[in-house]
Protein chains: 2
Amino acid sequence: MDKLIEKIIEKQNPTVAGLDPKLEYVPGFIKAECFTKYGRTLEGAAAALFEFNKALIDVLYDIVPAVKPQAAYYEMYGWQGVKALAYTINYAKSKGMYVMTDGKRGDIGATMEAYTAAHIGTTDVDGETCVAFGADALTVNGYLGTDCIKPLLSVCKDKDKDIFVLAKTSNPSSGELQDKKIGDKTVYETMGEMCEGWGADTIGKHGYSAVGAVVGATYPQMLGELREKLPHTFFLVPGYGAQGGGAEDAKYAFDKNGLGAIVNSSRGIMCAWKKQDGKTEADFAEAARAEALRMREDLLGVIGEIR
Amino acid sequence: MDKLIEKIIEKQNPTVAGLDPKLEYVPGFIKAECFTKYGRTLEGAAAALFEFNKALIDVLYDIVPAVKPQAAYYEMYGWQGVKALAYTINYAKSKGMYVMTDGKRGDIGATMEAYTAAHIGTTDVDGETCVAFGADALTVNGYLGTDCIKPLLSVCKDKDKDIFVLAKTSNPSSGELQDKKIGDKTVYETMGEMCEGWGADTIGKHGYSAVGAVVGATYPQMLGELREKLPHTFFLVPGYGAQGGGAEDAKYAFDKNGLGAIVNSSRGIMCAWKKQDGKTEADFAEAARAEALRMREDLLGVIGEIR
């Protein structure tokens, strides 16, 4: 996790910009240009997503350490959308950003090797080493147990990559399974402890392993509880902003050095112009930067200097 | 689930051919042709996967009701691989097959809407309705609870599509979480009961809902247990063949009419020539067909006529 942590310290910013570009979030003038070129097609939509993402990355890369493209919003535009995902990852990396692909993948061992190659590893094509998507991290669903985590761990170790395993998700119905008790522990605590175990061999110089956990800002009490119990597990914290969580909720995710977590904002940044006085969609990039700066101040206000 | 069930009855075959085309499974002469054309690149690999899949579909579509491409094996070849997935789904559908995309997706509500559009629904591009991948069914991970299932249900109802939710997976470590007790029930039973609940409004004329469950043939006792407890939940049963399960294990998944389940074989069919005397990779298609016929006999031998 050191690569991410160092970018967070350097930028004094524990936020990740979610790139979940629903077509309706993309300003009309970008869409118009792409539809003129490619028609109202999956190809046209995918081109618009990529243009939108590039413009956002251009105004964020010097102040925000990481981006998190959500795979679903690319897959819904077909393979053309998935091509835009690949291009987005490349572009963000070329600007020095840390890229987490939010795919929540989870499968049996042999299949998980394929997902590992796809998202954070490399793919062998008859002796040639190719990079399929090449992100720095992938979100993972651990429902299948250790088998589904193991293939990821060797790439995490060898290539300085990370994973974030779902523990307590930010959505309203997350408790249906995750809050149920297994003996004296909840399912999300059990999953959290598994993360500590899976990461044990990969602890970096800041004390965090390559196996992080997803814990929603919408459940601040559980965030605090898990922060105590999982000292080596870095948290990816969704739910800030549009989903209802604030800095006062997210603060429980951090340790005394202001480390231990990165907080995601997607719509809050992508659609910032809608909430800023006098802005129109032509100002989306400037407004996104202003919101990212405001969010940084908001978080630093409760956690202090990050060191 | 009626569309699938009718194809199973028509073909008297409760099997689905898994299309998990690792490049190493693809016969050398197919790869050579594609590499000559596109180089040892992701594009070349993706072309080889699609040619392999087409040849398999050509010899299976009149005897096997369904195919199940595993998304991971396409994603590992980048967006080019994902394009081969889209082409494979289209080709299988053009031959009248039922297509299940094995993606094990699961996310919060808004994101799950995007996955729904991507895999079994349609995508609106500024007023134009586009089909991204257009499978008949998607495998789903229910760790996030009802939120992550709801967006799928309306498409299942409106467009006669299905989902299969992970309950008890076929891998060795599946028990780490899934076998743990929540009160007097295991996690996999709890998930199974949620499937019955989610599917309640979508029960078709054969008594099964649009919400199926994934239950591995490698755990026959649990298969039988769940078959009893979940009368309206159709099972997708992995683990036959290469993973160690046989017809004697899989039989517990079926009801008295020989319905209630579809059994997957991936490597067993794709790489059948390796296990048949005197066959070489040039015979892969013929060998795949022979294995599919053998598997049908094997399963019908324990469940009898399907009606």
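Check the entry above for the structure.
Worth saying up front: this structure is predicted, and the values here are computed from it rather than measured. One numbering rule holds for all chains: residues counted from 1, following each sequence as written. Chain labels run from A onward and ligand labels from 1 onward, assigned in the order the entries are written. Two thresholds apply to this predicted model, a pLDDT of at least 70 for residue-level local features and 80 or more for giving and counting side-chain atom pairs, whereas whole-chain, interface and lining totals are computed over all residues. Computation of side-chain values: all heavy atoms of the structure, hydrogens and water removed.

**Student:** Could you clarify how one ought to interpret the pattern of salt bridges in this entry?
**Tutor:** A pair can form between side chains of opposite charge whenever their charged atoms are brought close. Each reported salt bridge corresponds to a side-chain nitrogen of Lys or Arg within 4 Å of a carboxyl oxygen of Asp or Glu. Taken as a whole, this structure holds 41 salt bridges over all chains when the rule is applied. As a salt-bridge pair, Arg289(A) and Asp62(A) come within 2.8 Å of each other at their nearest N and O atoms. Here Asp62(A) lies in the loop between α3 (42-60) and β2 (66-69) and Arg289(A) lies in helix α13 (residues 284-303), a separation of 227 residues in the sequence. Burial classes: relative accessible area under 20% of the type maximum marks a residue as buried, over 50% as exposed, and values in between as partly exposed (1.4 Å probe, protein chains only). Among the residues examined, Arg289(A) registers a relative accessible area of 27% and is labelled partly exposed. For Glu291(A), the salt bridge goes to Arg294(A), with nearest N and O atoms at 2.9 Å. Taken together, the positions of Glu291(A) and Arg294(A), both in helix α13 and three residues apart, correspond to about one turn of that helix. Its relative accessible area of 12% is what places Glu291(A) among the buried residues. Classification of Arg294(A) by relative accessible area gives partly exposed; the value is 41%. Each member of the salt-bridge network shares a partner with another, and the members are Lys68(A), Asp102(A), Lys104(A) and Asp107(B). Elements are defined by DSSP. Helices are runs of H or I of four residues or more, strands are runs of E of two residues or more, and each kind is numbered from the N terminus.

**Student:** What should I look at first to understand helix α13 (residues 284-303) of chain B in this one?
**Tutor:** Since the α-helix turns once every 3.6 residues, residues separated by three or four places project in the same direction. Each residue after the first adds 1.5 Å to the expected span of a helix. Between its first and last C-alpha atoms α13(B) spans 28 Å; for 20 residues at 1.5 Å apiece the expected length is 28 Å, and the two agree. The first or second residue beyond α13(B) is Gly304(B), which carries a positive phi of 75°.

**Student:** How should I be thinking about the relation of the copies chain A and chain B in this particular structure?
**Tutor:** Relating one copy of the chain to the other takes a rotation about an axis and a shift parallel to that axis. Copies are brought into register by a least-squares superposition over C-alpha atoms of residues with pLDDT of at least 70 in both. The transformation that overlays chain A on chain B combines an axial shift of 0.0 Å with a rotation of 180°, and the residual RMSD is 0.0 Å. Each copy turns onto its partner about a two-fold axis. Residues of chain A ranked by C-alpha distance from the rotation axis are headed by Ile182(A), positioned 2.5 Å from it. By definition, residues are in contact when any of their heavy atoms lie within 4.5 Å. Here 100% of the contact residues of chain A are again contact residues in chain B; the copies associate through an equivalent surface.

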